Amino acid sequence: MSDTPFGFGLPPEEPEDGDEGKKKDQQSGGGQGQANPFGFGMSGGFGGPGGPGGDNPLAAMFGSLNPNDLGAAFQQLGQMLSYEGGPVNWDMAQQIARQTVSQGTSDGVKDASVGPAERTAVEEAVRLADLWLDDVTSLPSGAGSAVAWSRAEWVEATLPAWKELVDPVAERVGAAMGDVLPEEMQAMAGPLIGMMRSMGGAMFGSQIGQAVGVLAGEVVGSTDIGLPLGPAGRAALLPLNIASFGKDLGVPQDEVRLYLALREAAHQRLFAHVPWLRSHLFGAVEGYARGIKVDTAKLEDVVGQFDPQNPEQLQDALQQGMFQPEDTPEQKAALARLETALALVEGWVDAVVHAAAKPRLSSADALRETLRRRRATGGPAEQTFATLIGLELRPRRLRDASRLWASLTDARGVDGRDALWAHPDMLPTASDLDDPDGFVHREQLDFSELEKMLGEAGGAGPAEKPKLTKDDSEGDDTE
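Residues numbered from 1 in each chain as written. Predicted model: local features only at pLDDT ≥ 70, side-chain atom pairs only at ≥ 80, totals over all residues. Heavy atoms only, no water.

Enquirer: What is the right way to look at the overall build of the protein chain in this model?
Expert: Along the backbone of the protein chain there are 19 helices and four strands. Within the protein chain, contacts between residues separated by at least 24 positions form 74% of all contacts whose residues are at least 6 apart in sequence. In the form shown here, the protein chain has an accessible surface area of approximately 20,600 Å², with 50% of it arising from carbon and sulfur atoms. (Helix = DSSP H or I, 4+ residues; strand = E, 2+ residues; numbered from the N terminus. Contact = heavy atoms within 4.5 Å. Areas by Shrake-Rupley, 256 points an atom, 1.4 Å probe, with all protein chains shown as cover.)

Enquirer: How should I be thinking about helix α14 (residues 329-357) in this particular structure?
Expert: In an α-helix, one turn spans 3.6 residues, which is why side chains three or four residues apart end up on the same side. Counted at 1.5 Å a residue, the expected span for α14 with its 29 residues is 42 Å, and the 41 Å between its end C-alpha atoms agrees. Burial runs high along α14: 22 of the 29 residues are buried. (Expected span 1.5 Å × (residues − 1). Buried < 20%, exposed > 50% of the residue type's maximum accessible area, 1.4 Å probe, protein only.)

Enquirer: Just checking my understanding: could you explain the environment of T120 for this structure?
Expert: Tracing the backbone through its elements, the reader meets T120 in helix α5 (residues 116-133). Each C-alpha atom, one on T120 and one on A148, is 8.5 Å from the other, the two residues being 28 residues apart in sequence.

Enquirer: How should I be thinking about helix α10 (residues 253-273) in this particular structure?
Expert: Taking 1.5 Å per residue, 21 residues should reach 30 Å; α10 reaches 30 Å between its end C-alpha atoms and fits that length. Burial analysis of α10 places 16 of its 21 residues in the buried class, which makes it a mostly covered element.

Enquirer: Where do I start with the nonpolar core in this structure?
Expert: Burial of nonpolar side chains together is a common tendency in soluble globular proteins. In terms of nonpolar packing, the biggest core is built from 92 residues, with W154, W162, L277, L281, W348, W405 and W421 touching the most fellow members. No other element matches α14, which puts 13 residues into this core. Core analysis: the next-biggest nonpolar cluster, separate from the first, contains six residues, V169, Y288, I292 and L335 among them. (Core = buried A, V, L, I, M, F, W, Y, C linked by side-chain atoms within 4.5 Å.)

Enquirer: Looking at this structure, how should I read the packing of α14 against helix α15 (residues 364-376)?
Expert: When two helices pack together, their arrangement is given by the angle between their axes and by how far apart the axes lie. Remark: α14 packs on α15, axes separated minimally by 10 Å, with the N-to-C direction vectors making an angle of 165°. Classified by the angle their axes make, α14 and α15 are roughly antiparallel. Here α14 and α15 pass one another in a crossing that is right-handed. When α14 is examined against α15, the residues E346, D350, H354 and A357 are found in contact with a partner set consisting of A364, D365, R368, R372 and R375. When the residues that make up the contact of α14 with α15 are grouped by side-chain class, the tally is two nonpolar, one polar and six charged. (Axes fitted to C-alpha atoms, helices over the stretch in contact; angles between N-to-C directions. Parallel < 35°, antiparallel > 145°, perpendicular 65-115°, else oblique. Left-handed = near helix turned anticlockwise from the far one by under 90°. Nonpolar A, V, L, I, M, F, W, Y, C, P; charged D, E, K, R; others polar.)

Enquirer: Got a minute to help me understand the pattern of salt bridges in this structure?
Expert: Side chains that differ in charge, positive against negative, can pair when their charged atoms come close. Taken as a whole, this structure holds 13 salt bridges when the rule is applied. The partner of R278 in a salt bridge is E164, with the nearest N and O atoms 3.2 Å apart. On the criterion of sequence distance, the pair formed by R278 in helix α11 (residues 277-290) and E164 in helix α6 (residues 151-179) is long-range, its members being 114 residues apart. Note on E164: relative accessible area 38%, which makes it partly exposed. Here the salt bridges do not stand alone but share partners, grouping R397, D400, R403 and D434 into one network. (Salt bridge = Lys/Arg side-chain N within 4 Å of Asp/Glu carboxyl O.)

Enquirer: Looking at this structure, I do not really get the packing of α11 against α14. What am I missing?
Expert: Orientation of α11 relative to α14, taken along the N-to-C sense of each, is 150°, at an axis distance of 9 Å. Relative to α14, the crossing made by α11 is left-handed. Here L277, H280, L281, A284, V285, G287 and Y288 of α11 lie close against α14, whose contacting residues are Q331, A334, L335, L338, A341, L342 and V345. When its residues are assigned to classes, the contact of α11 with α14 shows 11 nonpolar, three polar and no charged.

Below, the structure is given as structure tokens:
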């Protein structure tokens, strides 16, 4: 569990060196994020690396600008304070994400438009991947099209999904910022509350924009975190990032591309043909967000001492653990439900991709292990997810889920395994991941009982008893 909820800086255990540390230093000016309250830590921009004004928020924002940029700086400050939209200033998030992408990654690789040859290579890889997947899953292709994206195109295509993920917790924070004052004082403090909410939206926007911009330099497709971030039915790969991913692996580039296309195409099949899955996952995120509580005593203290000329007070408070998940049975259940659902998605993809790639690619084992290590060591997707959502995926759950799906394939075949996606109640639970063999054998008996109950509920005789198949997406269409 991350101690740093939604977008208030990277988790404290984040390494200070290595590639991630370099990227963080480039974005924060080499500090811990407190000297630059609004997160505009971009080279050549607000408070860039080495910029002046470490103890002065205005100097940190404007000190490194040349006179030609000063007008734009004041314009952005005005936009921040005048924002009256939702809990997150998404216009600012989009702008900062695009600016972060334009700077390139820490290894000096700049974003570039995708050329015709790269687009053709991605289309062919996804097409071949779908052919291979036909042999290892009963779910048909879910990719109506295959696209090759630049990093900037990935940002634009995924922002709607980030909004759906982030807004629930941001809404909680925004409401708390307006509710800490006594009711009789809120009328008099209206301008202050409005300013605080505007600043809160801006701070969310700046942090999320930076996180999404950095992530755009690392992801290889639209489903790296196990959630469908891109448009439905569109398999997407990022050729520039695929080249960086495979650079030091000693594996031919076309094999790397094909293996990653298998993963993207497998995700697309799952989300396209399990119609309840997307809403189930996003609903689990929202359910978890409802359990985020605000330390109102600390927030009241911040509001009581708030100085509009010293706005970094609010950012400092946000970074000091003001927002924490409630330690209640309901919140623990919401977290377990979300982590288990994501683990089942990733475990299924891992299992079917390995089954498809192992007989055909000599590098299948090496690529599988590389991706598993990337997840187990807290790769960029997991770190960003932890920063924005306030939780981390446990790699142990992913491995357990993959073993469970493999056991199900051996015991029931491809059709029996994939039929479990017919309804969320048919999926394994967190405790089942601890004992995959027990789930396989126990659940086989439960299917007969479930069919019997459904038949009795619908008044069907023995000859008319309904059968559960992968096409019964809701699992309860019994007449």
